[in-house]
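Fold and contact review
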Amino acid sequence: MNDLAVLVTQRGQIKAQLTRLANYLRDNSGQNIDIDQIQLRSEKARQTWEEFQRVQIQIEEENGVNEETEKYRSDFEIMAKCKKLVKVTDCATIEDSDSTKNSARASSKISEMTNQAFVKLAALQIPQFSGAYTDWASFHDIFSALVHKNESLSDIQKFFYLRSSLSGDAENVINCLQTTADNYKVAWESLTERYDNKKVLIQVHTKSIFDLEPIKKESSYQLRRLVDALVGHMKALETLGENPRQWGSLLMHLIVSKLDTRTMREWEVRSSKTEVSNISNLIDFLQSRFRVLVAVETSQQINALTFENNNRKINANKRTKSNVFAATSEVKCYSCKQAHTIYRCPSFLGLTISDRIKRITELKLCKICLRPHNDGDKCQSRRCTICSRPHNSLLHLLRTDKPVRQVASHNEAMTATTKKMTKIVTLRS
């Protein structure tokens, strides 16, 4: 619906309000004039006239001034004269009145109506009708209340609203009719004749019950959807004069066959073992079963959420420890404070074995792993690869009483060990 059509509709509604004011004034122009009503309707006429002026200006800006627009303005100018007459009558009545009580009450009501004028309800939307028989009843009642029985709308406006509310097969029913005032009644009667078919509606709701989607797995959502659809179609059939609750074992078997295995087993345990239960007992059981499943699934979701939060905390702690380890693994040399480990320190490796031992003792480092830790903690690092004693291979002392050949082999072993440990440290770093 475009903006111009909305403005035209508003103008028609405003015209209807002023028409009712003029009719009231004409019908109550005798001596017994209600002062309260005159005051209230006078104020309402002023507000309505201002609203018309605003809408009329917008229509003329959109569509220009034509014969139809001038006709509307002429009619509304008559309404404006009636409004002035109401004011004159109001003033005369107030001057001739010996009582101030009615005037005070009228002022109070005017103030109240002025305050209420600022409260605007949301506009009612006409639903779309695509030709589904199950939607016809609701569309018929809503459209009749808002448009078809609305005396403030002309037939051409009603036809415009009707066309904008139809789609699909329903739109094709009146597609060949031109949008004229005379064709509106024809279009409405055509739709009513096509879709206001009791037999077809009964068949549609009955088929919908047979076509209900089976529940494959125990689920509160699927069970709730099944129960809502079943109850809805049964109530629709009852409004059409049918009594599906008396269908007996046929309907019972149909509904039970749609249930999942666990729900079906639970029903067979609770229901009568010798006679067929009625549909009301089955519906009550399904609704109770739905509440149980909702409680169980909610509890499971809470437990799962708690477990997930715990896992997140554990993973966060692991990442923190990993970061701490990464930070500590970048420690500088204990001996020269440079960016390398003591195993690769040139100044440390350039010392004699005795000086290395003294340096490690000064730094209070472990003689096995060459790292600081508590004296009470037993070091689990690998011992000397030459003599297997509890010291690092870099701190292995040569015994002076050994033959020269043995000393040479010892030096070769020390050199190999140093290269091997340097390679390991390089790989680790």
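Thresholds, definitions, all that
- Each chain has its residues counted from 1, following the order in which its sequence is written.
- Per-residue local features of the predicted model are confined to residues with pLDDT of at least 70, and side-chain atom pairs are confined, for both listing and counting, to 80 or more; whole-chain, interface and lining totals are unaffected and use all residues.
- Note: side-chain values were computed over all heavy atoms of the structure, leaving out hydrogens and water.
- Burial classification: accessible surface area is computed with a 1.4 Å probe over protein chains only, and a residue below 20% of its type maximum counts as buried, one above 50% as exposed, and the rest as partly exposed.
- Working definition: helices are DSSP H or I runs of at least four residues, strands are E runs of at least two. Numbering for both runs from the N terminus.
- It is the directions from the helix axis to the C-beta atoms that the arc portrays.
- Nine residue types can take part in a nonpolar core, namely buried Ala, Val, Leu, Ile, Met, Phe, Trp, Tyr and Cys, and a core is a set of them joined through side-chain atoms within 4.5 Å.
- In what follows, residue pairs with any heavy atoms lying within 4.5 Å of each other are defined as contacts.

The name given to the protein chain in an unreviewed UniProt entry is DUF1758 domain-containing protein, with the source organism recorded as Aphis craccivora.

All right, on to helix α15 (residues 353-363) then. Turning to α15, its buried residues are Ile353, Arg356 and Ile360. End-on, the buried residues of α15 take up no more than an arc of 55 degrees, which puts them together on one face. Exposed and facing more than 90 degrees away from the buried side of α15 are Lys358 and Glu362. Positioned one or two residues after α15, Lys364 has a phi angle of 55 degrees, which is positive.

Before going further, it helps to spend a moment on the nonpolar core. By size, the foremost hydrophobic cluster in this structure holds 26 residues, and its most contacted members are Ile209, Leu223, Leu230, Ile255, Ile279, Leu282 and Leu286. Looking at this core element by element, the count peaks at seven residues for helix α13 (residues 279-328). In this view, Ile255 contacts Ile209, Leu212, Leu230, Ile279, Leu282 and Leu286; residues no more than four positions away in its chain are not counted. Listed in part, the 19 residues of the second largest apolar core include Tyr161, Val173, Leu177 and Ala187.

So, about unusual backbone geometry. In this model, Lys337 sits at a positive phi of 65 degrees, which is unusual for a non-glycine residue. When you line up the elements, Lys337 lands in the loop between α13 and α14 (346-349). Phi at Leu370 takes a positive value of approximately 60 degrees, unusual for a residue other than glycine. You can see Leu370 is positioned in the loop between α15 and α16 (404-428).

Right, let's get into the environment of Pro244. Among the secondary structure elements, Pro244 is positioned in the loop between α10 (220-239) and α11 (249-256). It is 9.3 Å that separates the C-alpha atoms of Pro244 and His233, two residues lying 11 residues apart in sequence. Those residues in contact with Pro244 that lie beyond four places of it in its chain are Met234, Leu237, Glu238 and Leu251.

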